[in-house]
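Structural description and commentary
Residue-level listing of the chains:
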Amino acid sequence: MLLLPFEKTTSHRKGTRLGPSRLIEGSLGLELFDEELQRQTYKAGIHTLSLPPSGRNAAGYFPKVRAEVSRLLGKGKTVFSVGGEHSLSQATIPPHLERWPDLSILHFDAHADLRPTHEGSPFNHACALYPASRQAPVVQVGIRSVAEEEAHLVGAGKVTTFLMHEHRDIRALTKKVLRSLTNTVYLSIDLDGFDPSVVPGVGTPQPGGFLWHDTLDLLRSVVSSRKVVGVDIMELAPFSDDVSSELAASKLMYRLMGWMLA
Ligand SMILES: [Mn+2]
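Described below are features of the structure shown in this document. Bear in mind the structure is a predicted one, so any value in this text is a computation, not a measurement.

So, on to the environment of Ala151. When you line up the elements, Ala151 lands in the loop between strand E7 (138-143) and strand E8 (159-163). Note on Ala151: relative accessible area 40%, which makes it partly exposed. Sequence separation between Ala151 and Asp214 is 63 residues, and the spatial gap between their C-alpha atoms is 26 Å.

When two helices pack together, their arrangement is captured by the angle between the axes and the distance separating the axes. Their axes nearest at 8 Å, the elements helix H1 (residues 19-27) and helix H7 (residues 244-261) cross at an angle of 80°. Classified by the angle between their axes, H1 and H7 sit roughly perpendicular to one another. Contacts between H1 and H7 involve Arg22, Leu23, Gly26 and Ser27 from the former and Glu246, Leu247, Ala249, Ser250 and Met253 from the latter. Of the residues belonging to the contact of H1 with H7, the class tally is four nonpolar, three polar and two charged.

As a working rule, side chains carrying opposite charge can pair if their charged atoms are close by. The tally for this structure, following the rule as stated, stands at 12 salt bridges. The closest approach of N and O atoms between Arg255 and Asp34, which form a salt bridge, is 2.8 Å. Separated by 221 residues along the polypeptide, Arg255 in helix H7 and Asp34 in strand E2 (residues 33-34) bring together distant segments of the chain. The exposure classification of Arg255 matches that of Asp34, with both residues buried. As a salt-bridge pair, Glu35 and Lys251 come within 3.4 Å of each other at their nearest N and O atoms. With Glu35 in the loop between E2 and strand E3 (39-40) and Lys251 in helix H7, the pair connects residues that are 216 residues apart, well separated along the chain. By relative accessible area, which is 45% here, Glu35 ends up partly exposed. Linked through salt bridges whose partners overlap, the residues forming this network are Asp34, Glu35, Glu36, Asp217, Arg220, Lys251 and Arg255.

Moving on, we get to the coordination of the manganese ion. Around the manganese ion, the protein contributes the donor atoms Asp109 (OD), His111 (ND1), Asp190 (OD), Asp192 (OD) and Asp192 (OD), which lie 2.1 to 2.6 Å from the metal centre. Along the chain, the residues donating to the manganese ion fall in the pattern D-x1-H-x78-D-x1-D. In terms of burial, Asp190 and Asp192 fall into one category: buried.

Turning to the environment of Leu178, a few remarks are in order. Of note, Leu178 is situated in helix H5 (residues 170-180). Counting along the chain gives 47 residues from Leu178 to Ser225, while the straight-line C-alpha distance between them is 8.3 Å. Leu178 has contacts with Ser221, Val222, Ser225 and Arg226, leaving out every residue within four places of it along the chain.

The geometry of H5 relative to helix H6 (residues 212-225) is characterised by a closest axis approach of 10 Å and an angle of 30° between their N-to-C directions. By the criterion of interaxial angle, the relationship of H5 to H6 is roughly parallel. Judged by the twist between their axes, the crossing of H5 over H6 is right-handed. When H5 is examined against H6, the residues Ile170, Thr174, Val177 and Leu178 are found in contact with a partner set consisting of Asp214, Asp217, Leu218, Ser221, Val222 and Ser225. Taken together, the residues that form the contact of H5 with H6 break down as five nonpolar, three polar and two charged.

With the rule as written, the count across this model stands at seven aromatic pairs. Centre to centre, the rings of Phe6 and Phe62 are 5.5 Å apart; their planes meet at 70°, and the pair counts as edge-to-face. With Phe6 in the loop between strand E1 (2-4) and H1 and Phe62 in helix H2 (residues 58-74), this residue pair connects regions lying 56 residues apart in the sequence. This pair shows no difference in class: Phe6 is buried, exactly as Phe62 is. Taking the centre distance of 5.6 Å and the plane angle of 80° together, the rings of Phe62 and Phe123 count as edge-to-face. Residue Phe62 is found in helix H2, and its partner Phe123 is found in the loop between strand E6 (103-108) and helix H4 (130-133); the two are separated by 61 residues along the sequence. Under the relative-accessibility criterion, Phe123 is labelled partly exposed at 28%. Grouped by ring-pair contacts, the aromatic residues Phe6, Tyr61, Phe62 and Phe123 constitute a single cluster.

Here the focus is the nonpolar core. Counting residues in hydrophobic clusters, the biggest one holds 42 residues, and the most contacted among them are Leu106, Val177, Leu187 and Leu256. The leading source of residues in this core is H7, at seven residues. For Leu187, the residues in contact, after removing those within four places along its chain, are Leu106, Leu219, Val222, Val228, Gly230, Val231, Asp232 and Leu256. Counting 32 residues, the second largest nonpolar core, distinct from the first, contains Leu4, Leu51, Leu73 and Ala132.

What counts and what doesn't
- What you see as residue numbers is a count from 1 along each chain, following the sequence as written.
- Owing to the predicted nature of the model, reporting of local features is limited to residues with pLDDT of at least 70; listing and counting of side-chain atom pairs is limited to 80 or more, with chain, interface and lining totals taken over all residues.
- Each side-chain value is derived from all of the structure's non-hydrogen atoms; neither hydrogens nor water enter the calculation.
- Numbering goes from the N terminus for both helices and strands, where a helix is a DSSP run of H or I of at least four residues and a strand is a run of E of at least two.
- Under the scheme applied here, a residue whose accessible area is under 20% of the maximum for its type counts as buried, over 50% as exposed, and between as partly exposed, the area being computed with a 1.4 Å probe on protein chains only.
- Helix axes use the C-alpha atoms of the stretch in contact, all axes being lines fitted to C-alpha atoms, and the angles between their N-to-C directions lie in the range 0 to 180 degrees.
- Roughly parallel means an angle under 35 degrees; roughly antiparallel, over 145; roughly perpendicular, 65 to 115; everything else is oblique.
- We call two residues in contact whenever any of their non-hydrogen atoms come within 4.5 Å of each other.
- We call Asp, Glu, Lys and Arg charged. Ala, Val, Leu, Ile, Met, Phe, Trp, Tyr, Cys and Pro are nonpolar, and the rest, Gly among them, are polar.
- Salt bridges are counted wherever a side-chain nitrogen of Lys or Arg sits within 4 Å of a carboxyl oxygen of Asp or Glu.
- Sites may look incomplete, because water is not among the atoms used; the donor set itself consists of N, O and S atoms within 2.8 Å of the metal (3.2 Å for Na, K and Ca).
- Definitions for this section: a left-handed crossing has its near helix turned counterclockwise from the far helix by less than a right angle. A right-handed crossing has that turn clockwise.
- Only the six-membered ring of Trp is used, alongside the rings of Phe and Tyr, when aromatic pairs are assigned; centres must lie within 6.5 Å, and planes under 30 degrees apart are stacked while those over 60 apart are edge-to-face, with the rest tilted.
- Working definition of a nonpolar core: buried Ala, Val, Leu, Ile, Met, Phe, Trp, Tyr and Cys residues. They are joined through side-chain atoms within 4.5 Å.

See below:
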């Protein structure tokens, strides 16, 4: 796990810089035994590495993140990146693309995140998937917030978008998602893809998101039928008095690890 406590452009609730440390704290509330997989996933070895930013300058920090991800992939590691704001995916995806040219990206999010720039910066969290979408197939699920200026990019070119209000049957959605992905997949998970009743602690919540078991059913199908080579979990903005968000985030990560090992 590569902890990336970087936050600069979070829109509504601040606090994504606290996401990585709180996800680790939340994991203390998990059983080490995974009740679905009937195994103790941690025995495979989970290493935790933190790469704190020296400031709030994305142009300075992102190359360091990118280099670190490259180094870890070069050592044969599977990297789970934990943010921090979602713009960090602009640094964590490219090393995977270099290594796996047939990579496609499953993008789980409430927001399309396809703006080329926002508020004067290409590193804004609203631009998280724009660079990747110019290079590789991006398959979007959970989307229920699209800006007028990015609407022409949604579902165009290499981007396949399943708008949440049109795809509420998870079995049917799963089939379509699998048809859209290549064999090698990177998962970019913005926790606001979940319904706020599941993960309330995010920077920019939107109503009407994925419920817990629907999400697991979709992701289980992807992990079991594709080679998932990298994961990021972004935008955890924890509350001071409610641990449900970090518990859900850490449980999702642990479950993904278990599936990927199975
Ligand atoms: Mn989002």
